[in-house]
Amino acid sequence: MSSRTTIVGAVEIGTSKITALVGEHTGREVVIIGCGECPSRGVIKGSVVDYRAATECTQGALELAERDANEKIDHVFLGQSGGHLEGFYNEASVNVKAADNMIETDDIRTVCDLAKSKDLPLGRLVVHNIRRPFRVDGRLVPTSPENLVGQRLEVGYWTVHGQEQRLADNIHVIKGFNLEVRELVLSSLASGHMVTSLEERQNGVLAIDIGAGTTDFALYRNGAPHTTGVVAVGGGHFTNDVSIGLRLTETQAEKLKVRFGRAVVQAKERDDKVWLDGNFAIGDRQFSRHAIESITAARAWELLDVVRRKLGQAFSPEACAGGVVLTGGGAKLPAFAECAAKVFGSPARLGEAPGWVAENLRDPGYHTALGILYFGISSLTDHAAPARRKAGFLSNVTRLFAQT
Amino acid sequence: MSKDPQDTPATRSWREIPQQVKPRAMSSGGRVRQAMGVLRVVMLALAAAAVCWGGWEAALAFHSGGAQELTRGDRVRSLVLVTDGVLGRDWLARTLAIPPDATLVGIDIDALRARLMADGQVRSAEISRNFPDRITVRVSERSPVARMMVQDGAGAPAMLLVGRDGVPFTGRGFDAAMVDSLPWIDGVTLCRSGASFAAIPGMPSVSELLATARLEADDLYRTWRVISLNRMATDGDIEVAAKSGMRVTFSTREDYLRQIARLDFLVASATDPTKPLAEVDLALGSQVPVKFGAAPPMLDQPPVNTTGATPSRATISFPSISTPRIDLKT
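Starting afresh in each chain, residues are numbered from 1 along the sequence in its written order. Here chains are named by letter from A upward and ligands by number from 1 upward, in the order in which they appear as written. Given that this is a predicted model, residues contribute local features only at a pLDDT of at least 70 and side-chain atom pairs are listed and counted only at 80 or more, while totals for whole chains, interfaces and linings are drawn from all residues.

Focus: the overall build of chain B
- A run of DSSP states H or I qualifies as a helix once it reaches four residues; a run of E qualifies as a strand once it reaches two. Both are numbered from the N-terminal end. Within chain B one finds nine helices and 14 strands.
- Counting across all 330 residues of chain B, residues that qualify as buried make up 25%.
- Put simply, 56% of the contacts in chain B that link residues at least 6 apart link residues at least 24 apart. Exposure classification rests on a simple neighbour count of other C-beta atoms within 10 Å of a residue's own: a residue reaching 20 or more is buried, one at 12 or fewer is exposed, and one in between is partly exposed. C-beta atoms are placed from the backbone. A pair of residues counts as a contact when their C-beta atoms, built from backbone coordinates, are within 7 Å of each other.

Some details on the pairing of strand E3 (residues 30-39) of chain A
All names here are of chain A.
- Here strand E2 (residues 17-25) runs beside E3; their pairing, made up of nine bridges, is antiparallel. Across the sheet, residue Val22 finds its bridge partner in E3, namely Gly34.
- Counted along the chain from E2 to the antiparallel partner E3, the turn is four residues long, and its residue Gly27 has a positive phi close to 95°. Strands pair, by our definition, only if DSSP identifies at least two bridges between them.

Some remarks on the interface of chain A and chain B
- Between chain A and chain B, the residue contacts involve 32 residues of the former and 23 residues of the latter.
- Only helix H1 (51-69), strand E7 (86-95), helix H2 (105-115), strand E8 (124-131), helix H3 (164-175) and strand E12 (180-186) of chain A provide two or more residues apiece to the side of chain A that touches chain B.
- Top element by residues in the side of chain A that touches chain B is H3(A). It accounts for six residues.
- Gly is placed with the polar residues, together with every amino acid not listed as nonpolar (Ala, Val, Leu, Ile, Met, Phe, Trp, Tyr, Cys and Pro) or charged (Asp, Glu, Lys and Arg). A class-by-class count of the residues in the side of chain A that touches chain B yields 13 nonpolar, nine polar and ten charged.

Some thoughts on the nonpolar core
- The nonpolar core is taken to be a set of buried Ala, Val, Leu, Ile, Met, Phe, Trp, Tyr and Cys residues joined by way of C-beta atoms within 7 Å. In terms of nonpolar packing, the biggest core is built from 103 residues, with Leu21(A), Leu206(A), Leu326(A), Ala340(A) and Leu373(A) touching the most fellow members.
- Sorting elements by how many residues they give to this core places helix H8 (residues 289-311) of chain A first, with eight residues.
- With sequence-adjacent residues up to four places away left out, Ala340(A) is seen in contact with Leu304(A), Val324(A), Leu326(A) and Ala348(A).
- One finds Val206(B), Ala213(B), Ile238(B) and Met246(B) within the second-largest nonpolar core, a separate group that totals 39 residues.

Quick word on the pairing of strand E10 (residues 224-228) of chain B
Residues and elements named next belong to chain B.
- Most of E10 is tucked away: five of the five residues are buried.
- Pairing analysis gives three bridges linking strand E7 (residues 184-186) to E10, with the strands arranged parallel. Bridged to Ile185 within E10 is Ile227.
- Relative to strand E11 (residues 237-242), E10 runs antiparallel, the two sharing four bridges. In the sheet register, Ser228 faces E11, and the bridge partner there is Glu239.

Points about the sheet that holds strand E19 (residues 348-350) of chain A
Residues and elements named next belong to chain A.
- Strand order in the open sheet formed by five strands is E15-E14-E13-E18-E19, with mixed pairing between adjacent strands. Where the open sheet ends on each side, the last strands, each with one partner, are strand E15 (224-231) and E19. Across this sheet, the average inter-strand angle for adjacent strands is 20°, counted without regard to direction.
- Pairing analysis gives seven bridges linking strand E14 (residues 215-221) to E15, with the strands arranged antiparallel. Residue Ala218 lies in a different strand from E15, and its bridge partner there is Thr228. In this analysis an axis means a line fitted to C-alpha atoms, helices contributing only their contacting stretch, and an angle means the value between N-to-C directions, from 0 to 180 degrees.

Some thoughts on the confidence of the model for chain B
All names here are of chain B.
- For chain B, per-residue confidence averages 79 on the pLDDT scale, and residues scoring 70 or more make up 83% of the total.
- The weakest mean pLDDT in chain B belongs to helix H2 (residues 66-72) at 53; the strongest belongs to strand E12 (residues 247-251) at 90.
- Scored between 0 and 100, pLDDT is the confidence that the predictor attaches to each residue. This stretch, residues 1-9, has a pLDDT under 50; its non-local contacts, to residues over four places away or in other chains, come to 16 contacts.
- Taken together, the stretch residues 303-330 has pLDDT below 50 and engages in 53 contacts with residues farther than four places along the chain or on a different chain.

A closer look at the sheet that holds E3(A)
All names here are of chain A.
- The strand order across the open sheet formed by five strands is E3-E2-E1-E6-E12, and the pairing between neighbours is mixed. Two strands lie at the open edges of the sheet, namely E3 and E12, each paired on one side alone. For this sheet the average axis-to-axis angle between neighbouring strands, irrespective of direction, equals 20°.
- Set on the sheet, H1 makes contact with strand E1 (6-13), E2 and E3; between it and E3 the angle comes to about 140°.
- Sheet strands touched by helix H4 (residues 187-195): E1, strand E6 (75-80) and E12. Its angle to E12, the strand with the most contacts, is close to 70°.

What follows is the structure, encoded as C-alpha cells:
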C-alpha cells in the first residue's frame, strides 16, 4: 500500500442491520475491498437507544469488513438517518461588486456564507448544507457562476440538521471502536445517488429508501438535491401491523409479511388461506391472504402518502420526469413500485445499483452503504481541493456527486 | 435578503461534537485498537530517539577526535600475501614500497595495485584493508610455459619467461630446474605495453601445443629445445627444433594431438642411428615429408646471438634464433 492510499470505511447503522464497507482510496479512485454485516441491536428508528449493544454490533460489522479486506480502517464515513433529522431551505442574494459586473470568487463566497448562516434552534447541529444551483439575474447556473456577468447573484441551500445528542450517540458508537468519523452522510442522499442516474436527477426524480425503522427520501431537481427528509416509519412497522392485526409474534408476522405481503392487494377471494408455517406442525394456523395483503398495502399507501405530504409543493409529477425510485430492504415488498406510482401519480420503479458494483453488493440493502462510501470520498475531495484548481479526473469524479 | 457577511452568525455543525469517548465507553476491540495505536506511537518515538541518540553519539565522537582517528586510521603494521604461485613476502614489500608512516586508510589502494600489475608475473591482484593495521594482497600469478633470450640496453643477455597467455615476464622465485626444462621461444618481436611487455601474438596456440606434448608425449617434449614462431604469422606453422637437431613443423590449423601422435610414430620408427630424422613436416596433413640426415651433435647450450646464422641444410646444428634488443631498464 502506497503512502497516499487510505483505507476508508462506510458504516450504516440501521434498525435491522449494521453494514460496513471498506474502500481503498488512492486519491484518484476508490476500490471496495471488504464488506461486513451484523444484525442490529440497540437501535430504534435510526437512533441509538442501547449504547453497549449498538457498539458491539457496529464493532462486529467493522471487524468482519476489516477481516474481509485484510486491512485496518483509517477513518469512517457514517450514514445518518432518523426522525430527528429535519431540513429547511434558505436563500441569499448579493449585488455583484465589480464595476464591470463580472462575478468574482468573493461574490460567490459571500452569497454562499449568507445562505448557510441561518440560525438553528438550540441543540440542533447542521449535518448537510446542500447547495441548489446559482441564479444570475434570475438565470439558472448549474455550475460555478465565476466570470459570468450579472448584477445580482442568488443561491439557496437546503440545510439538514439534527439533534445534537442523537448525532453524538452515533458518532460515539464509532469512536467506541477507536475510529474517527470523518464525514456524516445523509442516508437519503447516499442511497439516492446509487439508484438514480445523472440524467434522472437532471430531469427530476424522487428516491425513497425504505429501511426497517425509517424511510429516507430525496427529491432531485436540476441535477441537485432539492428536498430531503426522513419519515420514522419503515419495514418494521409493516411487521408490527401484521403482528397486531393477526395476533402473531414479531417473528411470525415477519415471516408472513415476507412470504405473502404485498403493497397492492391482489387476492380477490377472501377465503384464500395461507399457512403460517406450512409444515403441518402443531400450532400451525391458516390466515387469509387478503387480510395480510390488506394490512401491508394500507401501510405502504400510508407511508408513501406521508412522504408525498412531507414533500408538499416541492413534488409534482410534471417536475419529476424521472419518476419515483424505490430502494432499501423495505422496497422488496412486492408491488411497492405499483403502489408508489398510484400515490405519486408518476412512474415508479425499483432502484438498481450501477453496473460497476460487484454482484454481492447489488442487493438494495447495500445501496445506502455504497452511497455513503462514495459520497464521503467526494466530500473529502471537495474539502481538499483548492478553490482555483483546474478540473482534472478527480474533480470530474467529485462533480459527479456535487451535481446532485 | 442581502446581508452583510460580517454579521453572518456561526452556524453550528456536527463537527463541533467531541468524538473522544471515555475508555469505559469503548468496546474491547476499540481498546485493543487504541493500545495498538499507542504502541505504534511509542515504537515510532523510540525509533526516532534511537536515531537522535546515534546522531548525538556520532557528533560527540567527531568533536572528541574519534572521527579524526577514524579518518586517519592506524599505521600499516603487517602485509599478508595470498598467492597461487611462487612470489614471496619480500617481493611484495619491495614492490609495494609502503612508507613506514603510512596509515591504513591513507594509502592509495589503486596505486598499490598498479605497482603490482606492472610486474608481468602478476596476472591479477586484489588488495584489501583489514582494520586496524593490516593489508591483505591476493595475487594470481602467471606460470611459464617457455622462455626467451633477449638483450638489455647494455647488450647483456637476459632471460624472460613467457606465460600461457604470451605475456613475457622476468620471473622470480621459480625453481631453476623447472626453468631449465622450458623450451626457448624464437622468431618473436617484443613490444612494450606500459611498464611491461605486451603479449606475444600466437602464443596461446604455442602454449596449447606444448601442453598437449607435455601431457601426451612427455619424452618428445623433453627433447624440444627451440620453438620458432617465424612462420606463425605467414603460414600458421610452428617450428620445433629438438636437441637431436631434428626440426619438426606443426600446423596450428590441425589437431595437435594427431600431429604429435604421427611424430611419435616417426621417431619410434626411425631406429637407424646413422640416419636420424633431420626434418619432419607435419603441417601437410596425412602426407608427412621426412628428411634424414647424419647424426648431429647434441644441443645443450642456449641459442644466443645467432641472428641470421642459418647453416646449410646438410650441416645444420643449431636452429636460428633472433634475439630482440630490449632495454629492460626502461
